[in-house]
Amino acid sequence: MYEDLTWLFLGLLIFGFITEKILEFLNASYYSKAIPDILKDFFSEDNQMKNLNYKKEKFNYSLINSGFSFLLTLVFWFFGGFGWLGAEVNLVFESEILRSLLFFGGIGLFSSLLSLPFTWYYHFVLEDKYGFNKMTQKTFWLDQIKGSLLAIVLGGGIIALVVWVYESVPQDFWWIVWSILSVFMIFMTAFYARLIVPLFNKQTELEEGELKESIEKMAIQLGFQLDHVYVMDGSKRSSKANAYFTGLGKQKRIVLYDTLINDLEVNEIIAVLAHEIGHYKRKHTLSNIILGLAQTGLMLYVLSLFIAPDSAVSLLLNQVVAQDLQLSSSHFYLGLIGFSILYSPISMLLGILMNILSRKFEYQADDFAREHDLGQDLQMSLIKLSKNSLSNLQPHPAYVFVNYSHPPLIDRYQALEKNLL
């Protein structure tokens, strides 16, 4: 049984990696395809060549980065890295909570240090080469420090709470943790822009002027109560533009990147915001929250079946992860590593289903903007944003099916064009 489970682990790891690489190679095979006639007038030959080179370099970077991470994971597991780290934390602490924190903290630190050169290269070599990176070295390193501290505080707090519940009431573990995490997720959805974003970016109220007046007029026309529109200093890190709707109830707000304001005309920005309001009007925000909570509940329930304290299944899972047959008791942190591997096919399937639904929501939000006579403006905004960010104009359908949460530009443009006729 031990050997069978070991081979199952290995098979799942390899399957996930190879599936991802096959999809990436299929996608790369489409890089040189000619731009559809409907979009040709918007993209010059120089832009097409720059787009092609950017995609190729990103593909090569991803191949090396993911390949390194995959091989490192296999080596760490086969040479007993998880077991060695587990044995070390057992010597340091008697508390299972402290052991779990040190175990995951050690893995997180090790992983972060090894990925740091790749992250630095991506921003300061690859993105910088194509004019996207606007970060200074100071901003980059401060981001790393603040991100790590945030992971320690939030991630460590959640791990400690989960382990405490696991030890205190193992028979009711999954639904109690689910209830706690549900409250936390809803709270973060409501207050993320107020509590987390300011740690990394400045958000200021949109100044008085034509844009603000147009936004307020649009909100009234759409029957959408909008008390706050913020501008975020996205140009602090990248030239790529974005906008998003966040928050719940009185905490809801629309956030515009300053790069978006610079790249688009007023009517085009209004169209983008109408799209974001469309998500709210079509109940997409609420649907995503409910589905996210349901997925978390499912995951925790399945997890509870595998890591019941010192059960035969839990002990076997620990032994496979640790590559050590001498374990006399099971540990939460080893069981969680094993479960994450076993759960990966379910996670992949749920991810695909969520992407299918997300793409449907994007079409509906686009159509909401079109219904309010902003279809053509939205088309132009999508083209400009795609052009300025060198996005993939014709990704492979299989890659889109598995990985895209938003439909490709060509599909959104044609859907709007069809409904405009």
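In this report, we go over the structure that sits alongside the text. This one's a predicted model, so the numbers in the text were calculated from it and none came from an experiment. (Residues numbered from 1 in each chain as written. Predicted model: local features only at pLDDT ≥ 70, side-chain atom pairs only at ≥ 80, totals over all residues. Heavy atoms only, no water.)

### Some points on the pairing of strand 3 (residues 243-246)
By the alternation rule, side chains of strand 3 split into Ala243 and Phe245 and Tyr244 and Thr246, which are all buried. In textbook terms, the turn of a hairpin is the stretch between consecutive antiparallel strands, and for strand 3 and strand 4 (residues 253-257) this stretch comprises 6 residues, one of which, glycine 247, has a positive phi near 90 degrees. (Buried < 20%, exposed > 50% of the residue type's maximum accessible area, 1.4 Å probe, protein only. Helix = DSSP H or I, 4+ residues; strand = E, 2+ residues; numbered from the N terminus. Pairing = 2+ DSSP bridges.)

### Concerning the packing of aromatic side chains
Summed over all chains, the structure comprises 30 aromatic pairs. With a centroid separation of 6.5 Å and an interplanar angle of 85 degrees, the aromatic rings of tyrosine 31 and phenylalanine 59 are classed as edge-to-face. You can see tyrosine 31 sitting in the loop between helix 1 (2-28) and helix 2 (37-40) and its partner phenylalanine 59 sitting in helix 3 (residues 45-78), a full 28 residues away along the chain. Here tyrosine 31 falls in the buried class, since its relative accessible area comes to 13%. Classification of phenylalanine 59 as buried rests on a relative accessible area of 13%. Taken together through their ring pairs, the aromatic side chains of Trp120, Phe124, Phe140 and Trp141 make up a single cluster. The aromatic ring of tyrosine 30 is capped on one face by lysine 33, whose charged end is 4.4 Å from the ring centroid. (Phe/Tyr/Trp six-rings, centres within 6.5 Å; stacked < 30°, edge-to-face > 60°. Lys NZ or Arg CZ within 6 Å of the ring centre and 35° of its normal.)

### Things to note about the environment of tryptophan 120
Note that tryptophan 120 resides in helix 5 (residues 96-129). Expressed as a C-alpha distance, the spacing of tryptophan 120 and phenylalanine 140, which sit 20 residues apart in the sequence, is 8.1 Å. Setting aside residues no more than four positions away along its own chain, tryptophan 120 makes contact with Val125, Gln137, Phe140 and Trp141. Within polar-contact distance, the side chain of tryptophan 120 engages the side chain of glutamine 137 at 3.2 Å. (Contact = heavy atoms within 4.5 Å. Polar contact = N/O pair within 3.5 Å; in protein donor to acceptor, adjacent residues only side chain to side chain.)

### As for helix 4 (residues 81-92)
The periodicity of an α-helix, 3.6 residues per turn, causes residues three or four positions apart to be oriented the same way. Between its terminal C-alpha atoms helix 4 stretches 17 Å, which fits the 16 Å expected from 12 residues at 1.5 Å a residue. Taken together, the buried positions of helix 4 are Gly81, Phe82, Gly83, Leu85, Gly86 and Val89. Buried residues belonging to helix 4 abut helix 3, helix 5, helix 12 (312-322) and helix 13 (332-342). (Expected span 1.5 Å × (residues − 1).)

### Focus on the side chain of histidine 331
Looking at the element boundaries, histidine 331 is found in the loop between helix 12 and helix 13. Only 3.5 Å separates the side chain of histidine 331 from the side chain of glutamate 96, close enough to count as a polar contact. The contact partners of histidine 331, leaving out residues within four places of it in the chain, are Asn90, Glu96, Arg99 and Asn318.

### Considerations on a nonpolar patch on the surface
A contiguous nonpolar surface patch, about 490 Å² in accessible area, is contributed by Leu142, Ile145, Leu149, Ile152 and Val153. As for its position among the elements, isoleucine 152 is in helix 6 (residues 137-168). Exposure remark for isoleucine 152: the relative accessible area of 59% places this residue in the exposed category. (Patch = residues over 30% accessible without salt bridge, like charges linked within 9 Å, V, L, I, M, F, W, Y side chains within 5 Å. Areas by Shrake-Rupley, 256 points an atom, 1.4 Å probe, with all protein chains shown as cover. Salt bridge = Lys/Arg side-chain N within 4 Å of Asp/Glu carboxyl O.)

### Quick notes on the sheet that holds strand 2 (residues 229-232)
One open sheet holds the 4 strands; their spatial order is 1-2-4-3, and the pairing between them is mixed. The open sheet has two free edges, formed respectively by strand 1 (203-205) and strand 3, since each of these has just one partner strand. Averaged over all pairs of adjacent strands, the angle between strand axes in this sheet comes to 30 degrees, irrespective of strand direction. (Axes fitted to C-alpha atoms, helices over the stretch in contact; angles between N-to-C directions.)

### A short note on the nonpolar core
Within the largest apolar cluster, 43 residues are counted, with the highest numbers of intra-cluster contacts made by Leu39, Ile215, Met218 and Leu256. Of all the secondary-structure elements, those providing two or more residues to this core are helix 8 (210-221), strand 2, strand 3, strand 4, helix 10 (266-281), helix 14 (344-371), helix 15 (375-389) and helix 17 (409-420). For this core, the leading source of residues is helix 10, giving 7 residues. (Core = buried A, V, L, I, M, F, W, Y, C linked by side-chain atoms within 4.5 Å.)

### Observations concerning the pattern of salt bridges
Scanning all chains against the criterion turns up 13 salt bridges. Residues arginine 412 and glutamate 362 are paired through a salt bridge, measuring 4.0 Å at the closest nitrogen-oxygen approach. Of the two residues, arginine 412 sits in helix 17 while glutamate 362 sits in helix 14, which places them 50 residues apart along the sequence. A relative accessible area of 9% places arginine 412 in the buried class. Judged by relative accessible area, glutamate 362 falls into the buried class, the value being 5%. One network of salt bridges, in which partners are shared, links Glu20, Lys21 and Glu24.

### Some words on helix 3
Between its first and last C-alpha atoms helix 3 spans 49 Å; for 34 residues at 1.5 Å apiece the expected length is 50 Å, and the two agree. Within the span of helix 3, buried status applies to Asn47, Asn51, Leu52, Tyr54, Lys55, Phe59, Tyr61, Ser66, Gly67, Phe70, Leu74 and Trp77.

### Let's talk about the side chain of glutamate 268
Relative to the helices and strands, glutamate 268 is located in helix 10. A polar side-chain atom of glutamate 268 sits 3.0 Å from a polar atom in the side chain of lysine 384. Discounting residues that sit within four places of it in the chain, glutamate 268 has contacts with Asp377, Met380, Ser381 and Lys384.

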